[in-house]
Amino acid sequence: MPQIKIPAVYVRGGTSKGVIFKLSDLPERAQSAGEARDKLLLRVLGSPDPYKQQIDGLGNASSSTSKALILSKSTQPEHDVDYLFGQVAIDKPFVDWSGNCGNMTAAVGAFAIAQGIVDKEKIPENGICTVRIWQKNIGKTIIAHVPIQNGEVLETGDFELDGVTFPAAEVVIEFLDPADGEGAMFPTGNVVDLLDIPDIGQIPATLINSGIPTVFVNAADIGYTGTELQADINGDPEKLAFFEKIRAYGALKMGLIANLDEAQTRQHTPKVAFVAPAQSYTASSGKMVEKQEIDLLVRAFSMGKLHHAMMGTASVAIATAAAVPNTLVNLAAGGGEREAVRFGHPSGTLRVGAAVAQQPNGEWTATKAVMSRSARVIMEGWVRVPDDCF
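Keep in mind it's a predicted model, so treat the numbers as computed, not measured.

Definitions and cut-offs
- Residues numbered from 1 in each chain as written.
- Predicted model: local features only at pLDDT ≥ 70, side-chain atom pairs only at ≥ 80, totals over all residues.
- Heavy atoms only, no water.
- Helix = DSSP H or I, 4+ residues; strand = E, 2+ residues; numbered from the N terminus.
- Rg over C-alpha atoms; globule rule 2.2 N^0.38 Å.
- Buried < 20%, exposed > 50% of the residue type's maximum accessible area, 1.4 Å probe, protein only.
- Contact = heavy atoms within 4.5 Å.
- Areas by Shrake-Rupley, 256 points an atom, 1.4 Å probe, with all protein chains shown as cover.
- Pairing = 2+ DSSP bridges.
- 1 Å grid on protein atoms, 1.4 Å probe; cavity = no way out; pocket = protein on both sides within 12 Å on 5 of 7 lines; lining within 4 Å.
- Points joined across faces, edges and corners; volume = space filled by probe spheres on them.
- Nonpolar A, V, L, I, M, F, W, Y, C, P; charged D, E, K, R; others polar.
- Phe/Tyr/Trp six-rings, centres within 6.5 Å; stacked < 30°, edge-to-face > 60°.
- Lys NZ or Arg CZ within 6 Å of the ring centre and 35° of its normal.
- Core = buried A, V, L, I, M, F, W, Y, C linked by side-chain atoms within 4.5 Å.
- Polar contact = N/O pair within 3.5 Å; in protein donor to acceptor, adjacent residues only side chain to side chain.

Here's the deal with the overall build of the protein chain
The helix and strand tally for the protein chain stands at six helices and 21 strands. Scaling as 2.2 N^0.38, a compact globule of 390 residues should have a C-alpha radius of gyration of about 21 Å, and the protein chain matches this with 20 Å. In the protein chain, buried positions account for 54% of the 390 residues. Across the protein chain, the fraction of contacts at a sequence separation of at least 24, relative to all contacts at a separation of at least 6, is 63%. Accessible area for the protein chain stands at about 16,200 Å²; split by element, carbon and sulfur atoms hold 49% of it.

Pasting the structure below:
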């Protein structure tokens, strides 16, 4: 069969990379959810690849670079663009649609402006274009503040983001009502629970549903320091299995799965992370992160591996949990009331903020979380796939 060409843009968003499509540019059989769409995205990224390299596609063999976005003019009132995210597995024939990607969110507004999805009258000649995004995976509103110069998206600038080599233009992102889905922010009703895990024991955990469902545990409780880098964990199958077991039992406790076997088919959510009080460490770039620069340490896993920096959605979870007194994240940061924290991750540091409130019934809610990211188009044109691959 011949290859077909599909218009696509290859973009860095935050500390991730992915392929963005306009819904209307996809072949008709892939314009709706289902097997054809999943197979198409798998082939574009080069999955499933038993070698785990994605050589025959645009993926770069990590969860941070095996991502696909589908955008269209919004069907929601007072929104500009609908954003659907797919996390493409590397060695399995699977696309996970269960959550958002916060890092790639940074690229959504810019793409929507450049591709004519945002109405022209909304775009200033110079200044900031406010793009209202409807995140279809979780049914939430995100607002992106995209810099504009001479009527076009400004991508270059001096904003530095640890985990990204070169500076770029800053994009401020607001996640409104960031609890993922319609459930409570703390699904169990507790800010700290005990996970009873066979062969591991009882581990205190904060189970939060904000930005993306996340299981937070203390580094000290599981024999870690919070200063670990990817090389300390990702090459050890036993360590990875240990964290996957915590993630699975956390998912069960949160009600995200009905039995432990389902965790394998829901790899994108929840995330699992461990936290520790601030201390100095050397980031993966060789840069020294000093204790006084940060409030706490956080290490998080994405698709079964320790992330090289921090997922954007997990950053929302960190910001929200830090703002609620007595969560493990809040206590690691020193406790008390907090509107923002700067945390250390394997590539450096990141500042995030959140606004929370406790309701009369004792439940916590978050009105928004805010962070800065950047985005840059790397390549645009067409991606080619065999016509019979989907």
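So, next bit.
Structural notes on the pairing of strand E16 (residues 296-302)
Two faces belong to every sheet, and in a regular strand the side chains alternate between them. In terms of burial, E16 is a largely internal element, seven of the seven residues being buried. What you see with E16 is no split at all: Leu-296, Val-298, Ala-300 and Ser-302 on one side and Leu-297, Arg-299 and Phe-301 on the other are buried throughout. In this sheet, E16 lies alongside strand E13 (residues 271-277) in antiparallel orientation, the contact comprising six bridges. Within E16, the residue paired with Ala-276 across the bridge is Leu-297.

Section: unusual backbone geometry
With omega at -5°, the peptide bond leading from Ser-47 into Pro-48 counts as cis. In this structure, the amide linkage connecting Thr-269 to the following residue, Pro-270, adopts the cis form with an omega of -5°. Phi at Asn-150 is positive, roughly 55°, even though this residue is not glycine. By the element assignment, Asn-150 lies in the loop between strand E7 (140-149) and strand E8 (152-153). One non-glycine residue, Met-303, lies in positive phi territory at about 50°.

Things to note about empty space enclosed by the protein
The full count for this structure, using the stated rule, is five cavities of 30 Å³ or more. Put simply, the largest cavity is a space of about 70 Å³. Lining the largest cavity we find 14 residues, and of these Lys-67, Cys-101, His-268, Ser-302 and Met-311 sit closest to its centre. Elements represented by at least two residues in the lining of the largest cavity include exactly helix H2 (102-114) and helix H5 (312-323). The residue inventory of the lining of the largest cavity, partitioned by class, reads two nonpolar, 10 polar and two charged. Here the second largest cavity defines a volume of roughly 60 Å³. For the second largest cavity, the full set of lining residues is Leu-240, Phe-243, Glu-244, Arg-247, Gln-267, Pro-270, Lys-271, Val-272, Phe-301, Ser-302, Met-303 and Gly-304.

Considering the pairing of strand E6 (residues 127-135)
In this structure, strand E4 (residues 81-88) lies alongside E6, joined through three bridges in parallel fashion. Bridge assignment links Tyr-83 to a residue of E6, and that residue is Gln-135. In terms of strand pairing, E6 meets E7 through nine bridges, oriented antiparallel. Bridge pairing links Val-131 to Ala-144 in E7. Between the antiparallel neighbours E6 and E7 lie four residues, among them Gly-139 with a positive phi of about 65°.

Remarks on the packing of aromatic side chains
Counted under the stated rule, the structure contains six aromatic pairs. Through pairs of rings, three or more aromatic residues link up here, namely Tyr-224, Phe-242, Phe-243, Phe-274 and Phe-301. Above the face of the Tyr-281 ring, Arg-299 is positioned so that its terminal group lies 4.7 Å from the ring centre.

Points about the nonpolar core
Generally speaking, soluble globular proteins have nonpolar side chains that are buried together. Counting residues in hydrophobic clusters, the biggest one holds 66 residues, and the most contacted among them are Tyr-83, Phe-216, Leu-296 and Val-298. Of all the elements, H2 adds the most residues to this core, at eight residues. One finds Leu-195, Val-215, Val-217 and Ile-294 within the second-largest nonpolar core, a separate group that totals 27 residues.

Some words on H2
Burial of H2 is extensive: 12 of the 13 residues sit out of reach of the surface. Positive phi appears at Gly-116, one or two residues downstream of H2, with a value of about 80°.

A short note on the environment of Thr-265
Residue position: Thr-265 is located in the loop between helix H4 (237-254) and E13. A relative accessible area of 53% means that Thr-265 is categorised as exposed. In this structure the side chain of Thr-265 is engaged in a polar contact, spanning 2.9 Å, whose partner is the backbone oxygen of Glu-262.

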